[in-house]
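Residues per chain, in single letters:
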Amino acid sequence: MITDRPLNEGDLATANQPLLTVMNLSRLIGKAHIPQAEAVQLKVGDPAEIKLAGLDEPVKGRVSLVSPALDPGSTTVEVWVEARKPDPALRPGMTVPVSMTAKTVQDAIVVPASAVFRSEEAGDYVMLAGSDNKAHQKKVQIGIRNKESAQIIGGINAGDPVITSGGYALPDGTQIKIEAPEKAESASSADEGEG
């Protein structure tokens, strides 16, 4: 596809001046710079997604390059995500969020990342809502973690009532009151046709 034509019909071309810019849009590459601790988990072929405002579904892609060198200026690693036959709304030069999946675990115990705390004495821990209406600090082992969620590989069981909001700096044994979650009001269709 021709993406640029700097000269118009009848213009005089000079030496070393491009006449047309042609791009192959059947595959696009998104370049991201990510922290080295996250890049070490990635490998070529890992699934990835490119999100684009206005599209309901993200564009599917895969990791096509994990730079072997660390950028000394930013201490990040350059990673390329390739999308083949992408949605036409995705265009070269756009700035888009990219997410990559380094590892997946089936049937994992997952809690919001904000519910996991760390202290020098206890290490990683969560606060549980006990049946005695008290908060209990419970040490846990963390597996995979991202901005939103953390996998718990030890310390609690599936179904344990983890305090997901208001647990920060809550002392062990504090009396708590558990509120029932608010029910979402169902939207009623009150529209009546006019005849």
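On a predicted model such as this, the values are computed, not experimentally measured, just so you know.

The rules behind these values
Residues numbered from 1 in each chain as written. Predicted model: local features only at pLDDT ≥ 70, side-chain atom pairs only at ≥ 80, totals over all residues. Heavy atoms only, no water. Buried < 20%, exposed > 50% of the residue type's maximum accessible area, 1.4 Å probe, protein only. Helix = DSSP H or I, 4+ residues; strand = E, 2+ residues; numbered from the N terminus. Pairing = 2+ DSSP bridges. Axes fitted to C-alpha atoms, helices over the stretch in contact; angles between N-to-C directions. Contact = heavy atoms within 4.5 Å. Patch = residues over 30% accessible without salt bridge, like charges linked within 9 Å, V, L, I, M, F, W, Y side chains within 5 Å. Areas by Shrake-Rupley, 256 points an atom, 1.4 Å probe, with all protein chains shown as cover. Salt bridge = Lys/Arg side-chain N within 4 Å of Asp/Glu carboxyl O. pLDDT = per-residue confidence, 0-100.

### Some thoughts on the pairing of strand β4 (residues 47-50)
So, point 1. Across the two faces of β4 the burial differs, with Ala 48 and Ile 50 buried and Pro 47 and Glu 49 not buried at all.
So, point 2. Pairing analysis gives four bridges linking β4 to strand β5 (residues 59-66), with the strands arranged antiparallel. Of the residues in β5, the one forming a bridge with Ala 48 is Gly 61.

### Considerations on the sheet that holds strand β12 (residues 141-145)
Working definition: the strands of a sheet are paired by backbone hydrogen bonds and lie parallel or antiparallel to each other.
So, point 1. Strands sit in the order β8-β13-β12 across an open sheet of three strands; the sheet is antiparallel. Both edges of this open sheet fall to β8 (109-112) and β12, since each of them pairs with a single strand only. With strand direction ignored, the average angle separating the axes of adjacent strands in the sheet is 40°.
So, point 2. Taken together, the three bridges between β12 and strand β13 (residues 149-154) define a ladder with antiparallel strand orientation. Among the inter-strand pairings, Arg 145 is bridged to a residue of β13, identified as Ala 150.

### Structural notes on the side chain of Thr 76
So, point 1. Its place among the elements puts Thr 76 in strand β6 (residues 76-84).
So, point 2. By relative accessible area, which is 13% here, Thr 76 ends up buried.
So, point 3. Setting aside residues no more than four positions away along its own chain, Thr 76 makes contact with His 33, Ile 34, Pro 35, Leu 70 and Asp 71.

### Topic: a nonpolar patch on the surface
So, point 1. Side chains of Ile 2, Leu 19, Leu 20 and Val 22 sit close together on the surface and give an oily, nonpolar patch of about 390 Å² of accessible area.
So, point 2. Locating Leu 19 in the fold gives a position in the loop between β1 (2-4) and β2 (21-22).

### Some points on unusual backbone geometry
So, point 1. Of note in this structure, Asn 16 is not a glycine but carries a positive phi near 65°.
So, point 2. Within the secondary structure layout, Asn 16 lies in the loop between β1 and β2.
So, point 3. The exposure class of Asn 16 is exposed, given its relative accessible area of 83%.
So, point 4. You will see that Thr 75, though not glycine, has its phi angle at about 50°, which is positive.
So, point 5. Turning to its location among the elements, Thr 75 is positioned in the loop between β5 and β6.

### Comments concerning the environment of Thr 95
So, point 1. Looking at the element boundaries, Thr 95 is found in the loop between β6 and β7 (98-100).
So, point 2. Of the residues examined, Thr 95 reaches a relative accessible area of 80% and is grouped as exposed.
So, point 3. Once the C-alpha coordinates of Thr 95 and Ile 29 are considered, the two residues, 66 residues apart in sequence, prove to be 12 Å apart.

### Focus: the confidence of the model for the protein chain
Segments scoring low in pLDDT should not have their predicted coordinates read at a detailed level.
So, point 1. Taken residue by residue, the protein chain gives an average pLDDT of 84. The fraction at 70 or more is 92%.
So, point 2. Throughout residues 186-195 the model reports pLDDT below 50, and contacts reaching past four residues in sequence, or to other chains, amount to zero contacts.

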